[in-house]
Amino acid sequence: MKFSIIIPVYNVEQYLEKCLLSVVEQNYHDYEIIIVIDGATDGSQEIAENIKKRYPEKNIQIICQENKGLGGARNTGMQYASGDYWLFVDSDDYLDSHALETLAKVTANDKYDMIYFNTYVVDEKGEKLQILQVQPPQKKDTTLEESPELIQTFPSGWNKLYKRSLFEDGIRYQEKKWFEDLDVALKFYLKAKRILFIDDVLYYYLQRKGSIMSDSNVQRNMEMLDIFDSILQYYQEKGALEKFRDQIEYLAVWKIMILVMSRINMAEPDSKLQDKLVDYMEKNFPNYLQNQYLKNMDAKNFMRVTIASKRNYEELYQKFARKDKLKKIMKFLIPSWAARWYYLKK
């Protein structure tokens, strides 16, 4: 079996059929489909069962379980996967019709452990809003040793193909955790023998209206610290932490001091959680303000980091969060034609 496509499913009946049809109607045939119904309470299981009946010639497995979150559902799918390469598809997204054919050609020489591809961001009508182009290092055929800047690469689980051997020493997604993709990606960068970036757009990521509420649970943003604990422990165990400390530290600045800090500051400018973020950075990366890569950061984000490091959270809110909040609201209210203009202007 060449490919295993693992699809975690949780309450996405409105989008699931399009996702599954994009997978079963590939113009390539040596693959299996593993659908994990992760405690869904809507009609998702029925939709999956109907697709299986409509395409009896396809190798489709449907596994039902109590809810374990996206990471836990992916882990379950791995238990049933027999393919040489694994691809994860979120159940509200979908594949390009030539995705597997393209990946089969690229993997013909069995040289790569990870293959990155590009993604279209689309709205619920299928209108293309943006191309998410993964910015590769200087070499598109590379390793972490050759290109330490890989650590800064977009870590999502669905924009890459994995060789199954990457998972054989027990690396798994954390269950019911936000940012679980970052944890696995950083470990695979270190483990992979070779990584390839291709220019093809093979995946369609649905930008749903209503997902503006996804940040409403402020406390869950703190799970980023658990992810970095796991990354630091793994690199320490592999004897690679000091070698790649600068790169991991710079990533922590972006993820903790900019991404998570901005989310919390936007929602609750006086939240004590902000102090915990700065405390974590000072404990684990005491010299982060002297990181060599900060010179590459744009002035606006460098100012964010500087203000946050001084624990001036009200200033951070007034300078950035109020404007960010308005932009975020407008992004989800404007019609699709304006959304395309918005993305092109970014």
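See the structure above.
Reading the values: rules and limits
Residues numbered from 1 in each chain as written. Predicted model: local features only at pLDDT ≥ 70, side-chain atom pairs only at ≥ 80, totals over all residues. Heavy atoms only, no water. Helix = DSSP H or I, 4+ residues; strand = E, 2+ residues; numbered from the N terminus. Buried < 20%, exposed > 50% of the residue type's maximum accessible area, 1.4 Å probe, protein only. Contact = heavy atoms within 4.5 Å. Phe/Tyr/Trp six-rings, centres within 6.5 Å; stacked < 30°, edge-to-face > 60°. Lys NZ or Arg CZ within 6 Å of the ring centre and 35° of its normal. Disulfide = S-S within 2.5 Å. Salt bridge = Lys/Arg side-chain N within 4 Å of Asp/Glu carboxyl O.

Chemist: So what's going on with the environment of Tyr189? Which residues, and what values?
Modeler: Topologically, Tyr189 is positioned in helix 5 (residues 180-191). Relative accessible area serves as the criterion here: at 0%, Tyr189 is assigned to the buried category. Spatially, the C-alpha atoms of Tyr189 and Leu144 are 5.9 Å apart, while their sequence positions differ by 45 residues. Residues within four places of Tyr189 in sequence aside, it is in contact with Met114, Tyr116, Leu144, Leu150, Ile151, Thr153, Phe154, Pro155, Ile195 and Tyr235.

Chemist: I'd like a rundown of the packing of aromatic side chains, residues and numbers included.
Modeler: The tally for this structure, following the rule as stated, stands at 20 aromatic pairs. Ring geometry for Trp158 versus Tyr203: centroids 5.1 Å apart, planes at 10 degrees, classification stacked. Residue Trp158 is found in the loop between strand 8 (141-142) and strand 9 (160-163), and its partner Tyr203 is found in strand 10 (residues 195-206); the two are separated by 45 residues along the sequence. Judged by its relative accessible area of 0%, Tyr203 is buried. Arg74 extends its terminal NZ or CZ atom over the ring of Phe88, reaching a point 5.4 Å from the ring centre. Here Arg74 stacks its cationic end above the ring of Tyr173, 4.8 Å away from the centre of that ring.

Chemist: Just give me the short version of the state of the cysteines, but keep the residues and values in it.
Modeler: A full pass over the atoms with the stated rule returns 0 disulfides. Left without a disulfide partner, Cys64 is nearest to the cysteine sulfur of Cys19, which lies 16 Å away. Judged by relative accessible area, which is 43%, Cys64 ranks as partly exposed.

Chemist: I'd like to hear about the pattern of salt bridges, residue by residue, with values.
Modeler: Scanning the model with the defined rule gives 19 salt bridges in all. Of the charged contacts in the structure, one is a salt bridge between Lys111 and Asp141, with a shortest N-O distance of 3.1 Å. Linking Lys111 in the loop between helix 4 (99-106) and strand 6 (114-122) with Asp141 in strand 8, this pair joins segments that are 30 residues apart in sequence. Of the residues examined, Lys111 reaches a relative accessible area of 38% and is grouped as partly exposed. Looking at Asp141, the relative accessible area reads 22%, which means it is partly exposed. Its salt-bridge partner being Glu146, residue Arg194 comes within 3.2 Å of it at the nearest N-O pair.

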